[in-house]
Amino acid sequence: MTTITTLTKFIIDQQHEIPDASGDLTRILNDIGIASKFVHREVNKAGLADILGLEGTENVQGEQQKKLDVYANDQFISALKAGGQCAAIASEENEEVIILDNSISNKAKYVVAIDPLDGSSNIEVNVSIGTVFSIYKRKSEIGKPADESDLLQPGTDIVAAGYVIYGSSTMLVYTTGHGVNGFTLDPSVGLFILSHPNIRYPETGNIYSVNESNHIYFQESIKAYIQFCHEDDSNTGRPYITRYIGSMVADVHRNLLLGGIFLYPGTIKKPNGKLRLLYECKPMAYIAEQAGGKASDGSRRILEIHPDSIHQRSPFYMGPTKMVEKIEEFIRFF
Ligand code: AHM
Ligand code: MG
């Protein structure tokens, strides 16, 4: 009989390997895993919204229906609040940092940055979407309310990061800095099962993922790189294959498993691109590095950038090291 490793067992086993670990991080990861199962359930019946009721209408229990991204946000926030190990949350859905100011959370050591449901344009059309999260140790004094500066740390201070992809199956992929592991949800028993141990980027790849409709607004260096992707060179597997879903989690996940670069460059109109540094780029960058890959803003390591504000944007390039170095070369020499 095959031995099954559940997410909960795996997280607890990992905790045992860290001397003096208090179990607080374990509980946060577990809480995120549980909340994601509720989101999975709602995502899977999203198509029934028209039948069961739309946002603003009441369901059969007389409860107000919520949009999925609002539902996901509420779910993660209440799980983290109830858990008591998190002192503050920065979420894409909330303008300000949420300070969990109560006697238990004020004693918590950790803060969480989260994009509860990324890929908003795909939510209503049955295409993969995801959750992205990262966990930091707070810098402010334990025992007092946390503050925004606890979230404005460089990615090198991340203690754990991951994503959940709600796709043809639901998967949770995470790292605590000791490699990247992926767990697939078995909905029949409601358990995440270790399905992708020690995920590593292939050394290089032949997929590139970019929204090419922005082409006319790209810098010349990015246009030249895309031209490079299109060229014929059997030695380097070019022309590369274009794959773009428009859900970062899904694009990143595929490229991580199959070998490919994900790029969301700045444009003439929006020099910092679209993606948010804190809760989209940095967690993914941490995963990229833990999987042997690289993530940069074109010249700087994403993890080393000190954020100034929680919703700030950054150009983003992520993939196997060789592929990211290639685009950096184009950016440098143009
Ligand atoms: P969102 O936070 O509003 O969902 O936007 C982020 C998403 C990413 O998942 C994806 O990579 C990107 O936006 C797609 O943007 P575009 O439609 O410009 O290609
Ligand atoms: Mg997002």
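Residues numbered from 1 in each chain as written. Chains lettered and ligands numbered in written order. Predicted model: local features only at pLDDT ≥ 70, side-chain atom pairs only at ≥ 80, totals over all residues. Heavy atoms only, no water.

Comments concerning the sheet that holds strand β3 (residues 110–118)
Strand order across the open sheet formed by eight strands is β2-β1-β3-β4-β5-β6-β7-β8, with mixed pairing between neighbours. Every other strand in the sheet has two partners, leaving β2 (98–99) and β8 (191–196) as the edge strands with one partner each. Sheet topology note: the strand β1 (residues 86–91)/β2 ladder contains two bridges and is antiparallel. Across the sheet, residue alanine 88 finds its bridge partner in β2, namely isoleucine 99. Sheet strands touched by helix α4 (residues 68–83): β1, β2, β3, β4 (129–137) and β5 (158–166). Its angle to β3, the strand with the most contacts, is close to 160°. Sheet contacts for helix α8 (residues 277–290): β1, β3, β4, β5, β6 (170–175) and β7 (180–186); angle to β5, the most-contacted strand, approximately 100°. (Pairing = 2+ DSSP bridges. Helix = DSSP H or I, 4+ residues; strand = E, 2+ residues; numbered from the N terminus. Contact = heavy atoms within 4.5 Å. Axes fitted to C-alpha atoms, helices over the stretch in contact; angles between N-to-C directions.)

Let's talk about the sheet that holds strand β9 (residues 207–209)
In sheet architecture, strand pairing relies on hydrogen bonds along the backbone and comes in two forms, parallel and antiparallel. The strand order across the open sheet formed by five strands is β10-β9-β11-β13-β12, and the pairing between neighbours is mixed. Edge positions in the sheet fall to β10 (241–242) and β12 (293–296), since each has one partner strand and no second. Here strand β11 (residues 260–264) pairs with strand β13 (residues 316–320) via three bridges, running antiparallel. The residue of β13 that forms the bridge with leucine 263 is tyrosine 317.

Notes on the side chain of threonine 176
With respect to the helices, strands and loops of the structure, threonine 176 is situated in the loop between β6 and β7. Side chain to side chain, threonine 176 and glutamine 14 meet in a polar contact 3.1 Å long. Excluding residues within four positions of it along the chain, threonine 176 makes contact with Gln14, Leu25, Leu29, Val159, Ala160 and Tyr286. (Polar contact = N/O pair within 3.5 Å; in protein donor to acceptor, adjacent residues only side chain to side chain.)

Some details on the pattern of salt bridges
All told, the structure shown has 16 salt bridges when counted by the stated rule. As a salt-bridge pair, aspartate 251 and arginine 254 come within 2.9 Å of each other at their nearest N and O atoms. Pair noted here: aspartate 251 and arginine 254 are both in helix α7 (residues 248–258), with a separation of three residues, about one helical turn. No difference in accessibility class separates aspartate 251 from arginine 254, as the two residues are buried. The partner of arginine 300 in a salt bridge is aspartate 297, with the nearest N and O atoms 2.9 Å apart. The buried category is assigned to aspartate 297, whose relative accessible area is 12%. Counted as one network, the salt bridges with shared partners bring together Arg41, Glu42 and Lys45. (Salt bridge = Lys/Arg side-chain N within 4 Å of Asp/Glu carboxyl O. Buried < 20%, exposed > 50% of the residue type's maximum accessible area, 1.4 Å probe, protein only.)

Side note on the site of ligand 1
If you check the shell around ligand 1, you find 15 residues, and the closest are Asp118, Asn211, Tyr244, Met248 and Tyr264. Within the side chain of glutamate 92, one N or O atom sits 2.9 Å away from an oxygen atom of ligand 1. Within the contact set of ligand 1, an oxygen atom lies 2.4 Å away from a side-chain nitrogen or oxygen of tyrosine 244. The fraction of the free accessible surface of ligand 1 (470 Å²) that becomes covered by protein chains is 84%. Breaking the shell around ligand 1 down by element, the ones donating at least two residues are β3 and β11. No fewer than three residues from each of domain 1 (7–199) and domain 2 (207–333) sit in the shell around ligand 1. (Near = heavy atom within 4 Å. Areas by Shrake-Rupley, 256 points an atom, 1.4 Å probe, with all protein chains shown as cover. Domains from an automatic or database assignment.)

Observations regarding the nonpolar core
Within the largest apolar cluster, 46 residues are counted, with the highest numbers of intra-cluster contacts made by Leu151, Met284 and Phe316. Examining the composition of this core, we find that nine residues originate from one element, α8, more than from any other. Of the domains in this structure, domain 1 (7–199) and domain 2 (207–333) are the two that each give at least three residues to this core. In terms of nonpolar packing, the next biggest core, distinct from the first, is built from 36 residues, Leu7, Leu29, Leu68 and Ile129 among them. (Core = buried A, V, L, I, M, F, W, Y, C linked by side-chain atoms within 4.5 Å.)

What to know about the domain arrangement of the protein chain
By the assigned domains, the protein chain splits into domain 1 (7–199) and domain 2 (207–333). Between the C-alpha centres of domain 1 and domain 2 there is a distance of 24 Å. Each partner contributes residues to the interface: domain 1 has 48 residues there, and domain 2 has 30 residues. Taking both sides of the interface into account, the surface hidden between domain 1 and domain 2 amounts to around 2,800 Å²; carbon and sulfur atoms contribute 66%. The interface formed by domain 1 and domain 2 includes zero salt bridges. On the surface where domain 1 and domain 2 come into contact, there are 13 residue pairs in polar contact (both at pLDDT 80 or more). Top element by residues in the side of domain 1 that touches domain 2 is β5. It accounts for eight residues. Of the residues assigned to the side of domain 1 that touches domain 2, the class counts are 23 nonpolar, 19 polar and six charged. (Buried area = accessible area lost by both parts, 1.4 Å probe. Nonpolar A, V, L, I, M, F, W, Y, C, P; charged D, E, K, R; others polar.)

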